[in-house]
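The chain contents come next:
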Amino acid sequence: MTGKEILMCALRGEATPRPAWLPYVGVHGGKLVDAPADKYLQSSDLIVKGLLRANELYRPDGLPIMFDLQMEAEVLGCQLKWAEKTPPAVVTHPMSLMEGDGKTLADLPEFCVTKGRFPIAFEALDRVKQEIGEDVALYSLLTGPFTLALHLLGNDIFMNMYDNPQSVLDVMDFCADIGCQVAKSYIEHGADVVAVVDPMTSQISSEHFDEFVTPYVNRIFDCIASTKAMSSMFVCGDATRNLEVMAALHCNNIAIDEQIPLDKIRDLVLPANKSFGGNLKLTTVLLMGDEEDAKLNAIECIDSAGDQSFVLAPGCDLPYDVKPENLSAVATMVHDEYQRDVARNTINSKQSDSFDDIVLPDYQNEDAVIIDVVTLDSEGCAPCQYMFKAALDARTRLGDKVKIVLNEHKITTREGVGMMVKLQVPNLPSICIDGQCKFASITPDTALIVEEIVNAARKKQEVES
Amino acid sequence: MMDLKDLTEAIKTGNRTQATSLTQEALDADLTPQSILDAMVVGMDEIGDKFKRNEVFVPEMLIAARAMNESMAILEPSLVKSGYKPLATAVIGTVQGDLHDIGKNLVSMMWKGSALNVIDLGTNVTPDKFVAAIKEHDAKLVGLSALLTTTMPSMKATVEAIKSEELSDVKILIGGAPVTQSFADQIGADGYSPDAASAVDSAHQLLGIR
C-alpha cells in the first residue's frame, strides 16, 4: 500500500495499517531550501524543491502544495505585507468602513484563477504531481469563505453580523463562489484533496456558524464532491464550541488544532461518516521541543485517535523554524511500529522517574569489560535479537582473551529504562561498551564489536599501568 | 428617577443607539458621571464574564465594546469636569512582526471600560516604541499581544527591553493565541491572560487595584 493509499483510506473512514501522516509543510518548505518565506511563496521552483525535500525527510503520505490564506484576498485587492518567516499578512480591508475604503463587492477587482499567485500554485502542483503524485496525496488549500470575508471586511464583519446580517451573507455568497472556482481549478490540476481552511470561524458562536458559514462552505464541499477529489475542513484555533456544527458539514474530513482533544472530535465525526486529523503541538513541541517531545506527542495523538479514519497532522501550518529532526522523529513513529512500542515504554517512564537508585558501575575500575545491550526485549523483537546475538558472538570469538560481562537490559522493566537513561542511549537496540554507547539501532558486524571490546580492554590496562 | 440598569443592559447587548441615548438621558437627569460610568462598567463586566465562560464570542464582545466607547464619548467631558481620574495608564500593542489586532483591540476596549487610561500603539510595535510610550505616559501596565508563533520571540525582546530600562514599577501582561503561562514565566512577564475578559482581572490584580 502506498502512503497515498493509506491516507485516502483514512479519509474514506477506513482502518489503516499504520497512521496516515500529513505534515503541513507551508513556509517551512522555505527553511528546507534556505529561502525566506516571501521568496518561497512566490516561486513555483522553490515550492517544488521544498516539497520534494520534505518528502525525503519526513516520508509523508500527503503534502499541501501551499499554506497561504492570503492568495484569494490578494487578487481581490487586499494589500499584503510580506515577511521572511511567516506567510504574508493582509493589511488592508477594502470593504471595511472602519479601516478601509468601504468598497462594495462590485468595486472589487474581478476574481480569476489566472491572477495573483494562483498560476504559481498550479505549476507547483503540476510538477510535484509528476514527481511524487503516485505515492503522496497532494492537498490544495483554499481560504475559507468566512476568513476571506474577514480579509475583505476587516473587523466590520463582526459588527455587521448584528447591524446588517444580509450584507455579510452577500459577501459570504461571493466568497463561496470564489472557493468553488479555486477548488475546481486545483482538482483539474490534479489535487487529490481540497481543504477549506477557515480559522476565523473559531471566533464565532455555533448559531452564527450555522447562519453565516455552513451554507457557504457546504456549497464548496458539494462542488468538490461532484469530482473524484476528497475534501477537508481545517479550523486552526479553539473551535471547541463549533465541533458539532462542523461534524455536520458536507466534507470528508475535519482537521483540528491542539486545543481540541482528538478523542472528542473522533467521537463526533465517526458517527457522521467522516474522518479527522490533527493535532501535533506546533509551538511547545515541534518548534521548541526536542525529538523525544515530538515522539511522545506523536504517540499521544496516535493512541488517543485510534487506527480508523485518522490522519496524523500538526495542529496548523508548520512554523518556518520547526526543527526538521522533530518532524523526522514523528515520521519514525508513523512508519515503525517497533519504534512506537519503544517510545511508549521509554518516554512515559523517563518522564516520571529520575532513576536515582540505579547506579552505573565504575566501568574503568572493573576487571571485566562490561557490555550492556539495551533492548525492547531480545526474545520478542527481531532487531533486538540480532543485536544481542552479535554481542554474544563477539564474546564467544574473544574466548578467554578478554574478561567480559554481558548484560541485557530490557526496557520492558524499570531497571532497563533506568539503564537506558543513565547510559544516554539514543535509540534501541543499542550496545554500550564500558558505559559508552558504541552501536545504536543498526546491528554491527561482529568484528566491529570485537574491535571495540579489545580497545576497551586496552584502555583498562593503560590505566592500570 | 432613571434606572441605570437599562444602560447596563444596553451596553451588555451591544445596543449602541439605546446606550448612547440612555447616557445622554442620565446626564440630563443630573445623575453623577461616576454612577453612569459604573453602570456601563457593570455591563462590560457581565459580558466579559460570559466571554470567559464561552457563552458569547468575539462579535458579541465587539458590539458591547462599541456601545461602551460611543457612550463614553458622550460621558467623558462631564466625567473629566467632575474630577474623575483613571486608575492608571496602560500601554498596549501587538509586538513587532505581528499585524493581528483583534485580540489586542478587545483587551484595549475592555481595559478602557475598566477605568484604565489606555494608550494603544497599534500593531507591529518595536520594543523601543513600547519603552518610549511607557516613559512618555508614565504607564504602570503594558499589554503585549501576538497571534503568530513566529512573533513570540518579539515578546521576549520587548520584555527584555522594558526590564533593561529599570522601569521597575511597570507590570507586563502578555496574551494571544500561541502564548501560555509557561511562556510568560520563561520570558519574565508578570502575567498572562487567556482571553480579553481575564485581561481585566489580571490587570487589576497586577496593579493592586482589587
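For clarity, every value in this text was computed on a predicted model and none was experimentally measured.

Digging into the overall build of chain A
Of the regular secondary structure elements, chain A holds 19 helices and 14 strands. When the backbone C-alpha atoms are referred to their principal axes, chain A occupies close to 90 × 40 × 40 Å. Across the 465 residues of chain A, 52% fall into the buried class. When contacts within chain A are restricted to residue pairs at least 6 apart in sequence, those whose partners lie at least 24 apart make up 69%.

A look at the pairing of strand β10 (residues 310–314) of chain A
Side chains on a regular strand alternate between the two faces of the sheet. Residue and element names in this part refer to chain A. Taken across its five residues, β10 has five buried, putting it largely inside the fold. Note that strand β1 (residues 20–21) and β10 share two bridges and pair parallel. The partner of Trp 21 across the bridge, within β10, is Leu 312. Relative to β10, strand β9 (residues 275–280) is paired through five bridges, and the arrangement is parallel. Bridge assignment links Gly 277 to a residue of β10, and that residue is Val 311.

Focus: the sheet that holds strand β11 (residues 369–375) of chain A
Residue and element names in this part refer to chain A. Here four strands make up an open sheet; going across it, the order is β12-β11-β13-β14 and the pairing mixed. If you trace the sheet from one side to the other, it starts and ends with β12 (404–410) and β14 (436–440), each paired once. Within this sheet the neighbouring strands show an average axis-to-axis angle of 25 degrees, counted without direction. Bridge count for β11 against strand β13 (residues 430–433) is four bridges, and the pairing is antiparallel. Bridging across to β13, Val 374 finds its partner in Ser 430.

Structural notes on the nonpolar core
Residues Ala149(A), Met233(A), Leu312(A), Met61(B), Ala90(B), Met110(B) and Val142(B) are the most contacted members of the largest nonpolar core, which totals 222 residues. Each residue touching Met110(B), except ones within four places of it in the same chain, is listed here: Met44(B), Gly48(B), Ala65(B), Ala196(B), Ala197(B), Ala199(B) and Val200(B).

Quick notes on unusual backbone geometry
At Ser309(A), a residue that is not glycine, the phi angle is positive and equals roughly 65 degrees. Assignment of secondary structure puts Ser309(A) in the loop between α14 (291–305) and β10. Classification of Ser309(A) as buried rests on a count of 25 C-beta atoms within 10 Å. With a phi close to 60 degrees, Asp30(B) is a non-glycine residue in the positive phi region. If you trace the backbone, Asp30(B) turns up in the loop between α2 (16–28) and α3 (33–52). Residue classification places Asp30(B) among the exposed residues on the basis of 8 C-beta atoms within 10 Å.

Quick notes on the environment of Glu292(A)
Secondary-structure assignment places Glu292(A) in helix α14. Taking the C-alpha atoms as reference, Glu292(A) lies 54 Å from Ala106(A); in sequence the two are 186 residues apart.

Details of the pairing of strand β3 (residues 141–145) of chain B
Residue and element names in this part refer to chain B. Burial of β3 is extensive: five of the five residues sit out of reach of the surface. Here β3 shows a buried face lined by Leu 141, Gly 143 and Ser 145 and a second buried face lined by Val 142 and Leu 144. With five bridges connecting them, β3 and strand β4 (residues 171–175) associate as parallel partners. Residue pairing for β4: Leu 141 is matched across the bridge by Lys 171.

A few points about the sheet that holds β4(B)
Residues and elements named next belong to chain B. Strand order in this open sheet of five strands is β2-β1-β3-β4-β5, and the pairing throughout is parallel. What marks the edges here is a single partner per strand, and that holds for β2 (116–120) and β5 (191–193). Along the sheet, successive strands turn relative to each other by an average axial angle of 25 degrees, direction set aside. Sheet analysis places β4 next to β5, joined by three bridges and oriented parallel. Note on β5: the bridge partner recorded for Ile 174 is Tyr 192.

Topic: helix α1 (residues 3–11) of chain A
For an α-helix the count is 3.6 residues per turn, leaving residues at separations of three or four pointing the same way. Among the nine residues of α1(A), seven are classified as buried, and the element is accordingly described as predominantly covered. The complete set of buried residues in α1(A) reads Gly3(A), Lys4(A), Ile6(A), Leu7(A), Met8(A), Ala10(A) and Leu11(A).

Quick look at the packing of α2(B) against helix α4 (residues 58–81) of chain B
Residues and elements named next belong to chain B. Interhelical geometry of α2 versus α4 gives an angle of 20 degrees and a closest axis separation of 8 Å. Classified by the angle between their axes, α2 and α4 sit roughly parallel to one another. Between α2 and α4 lies a crossing of right-handed hand. Here α2 contributes Arg 16, Ala 19, Thr 20, Thr 23, Gln 24 and Leu 27 to the contact with α4, which in turn contributes Arg 66, Ala 67, Glu 70, Ser 71, Ile 74, Leu 75 and Ser 78. For the contact of α2 with α4, the class distribution of residues is five nonpolar, five polar and three charged.

With respect to helix α10 (residues 206–225) of chain A
All names here are of chain A. If you check α10, its first and last C-alpha atoms are just 24 Å apart, much less than what 20 residues at 1.5 Å a residue would give, namely 28 Å. The largest bend in α10 amounts to roughly 45 degrees and is located at Val 213, with the proline Pro 215 lying one to four residues further along. Along α10, the residues that are buried comprise His 208, Phe 209, Phe 212, Val 213, Tyr 216, Val 217, Ile 220, Phe 221, Cys 223 and Ile 224.

Some words on the domain arrangement of chain B
Residue and element names in this part refer to chain B. One can read the domain layout of chain B as domain 1 (5–81) and domain 2 (88–207). Between the C-alpha centres of domain 1 and domain 2 the distance comes to 25 Å. Listing elements by their share of the side of domain 1 that touches domain 2, those giving two or more residues are α3 and α4. Among the elements that take part in the side of domain 1 that touches domain 2, α3 stands out by supplying seven residues, more than any other. A class-by-class count of the residues in the side of domain 1 that touches domain 2 yields eight nonpolar, two polar and two charged.

Focus: the environment of Ala229(A)
Residues and elements named next belong to chain A. Within the fold, Ala 229 resides in the loop between α10 and β7 (230–235). Expressed as a C-alpha distance, the spacing of Ala 229 and Ile 6, which sit 223 residues apart in the sequence, is 15 Å. When sequence neighbours within four positions are dropped, the list of residues in contact with Ala 229 reads Ile 187, Ala 191, Asp 192, Val 193, Val 194 and Ile 224.

Conventions used here
- Throughout this description, residue numbers start from 1 for each chain and increase along the sequence as written.
- Both sets of labels track the order of writing: A upward for chains, 1 upward for ligands.
- Local features in this predicted model are restricted to residues whose pLDDT is 70 or higher, and side-chain atom pairs enter the listing and the counts only when it is 80 or higher, whereas totals over whole chains, interfaces and linings include all residues.
- Working definition: helices are DSSP H or I runs of at least four residues, strands are E runs of at least two. Numbering for both runs from the N terminus.
- Three exposure classes are used, all based on how many other C-beta atoms lie within 10 Å of a residue's own C-beta (placed from the backbone): buried at 20 or more, exposed at 12 or fewer, and partly exposed between those limits.
- We call two residues in contact when the distance between their C-beta atoms, placed using the backbone, is within 7 Å.
- Should DSSP find at least two bridges between two strands, the strands are regarded as paired.
- Fitted lines through C-alpha atoms give the axes, limited to the stretch in contact for helices. The angle between two N-to-C directions lies from 0 to 180 degrees.
- Residues of type Ala, Val, Leu, Ile, Met, Phe, Trp, Tyr and Cys that are buried and joined through C-beta atoms within 7 Å form what is called a nonpolar core.
- Just so you know how the angles are binned, under 35 degrees is roughly parallel, over 145 roughly antiparallel, 65 to 115 roughly perpendicular, and the rest oblique.
- Helix crossings are classified by the rotation of the near helix relative to the far one: an anticlockwise turn of less than a right angle makes the crossing left-handed, while a clockwise turn makes it right-handed.
- The residue classification treats Ala, Val, Leu, Ile, Met, Phe, Trp, Tyr, Cys and Pro as nonpolar and Asp, Glu, Lys and Arg as charged. All others, Gly included, are polar.
- One fewer than the residue count of a helix, multiplied by 1.5 Å, yields its expected span.
- Consider a residue and the seven residues that end there alongside the seven that start there; fitting an axis to each set, the bend is the angle between those axes.
- The split of the chain into domains comes from an automatic or database domain assignment.

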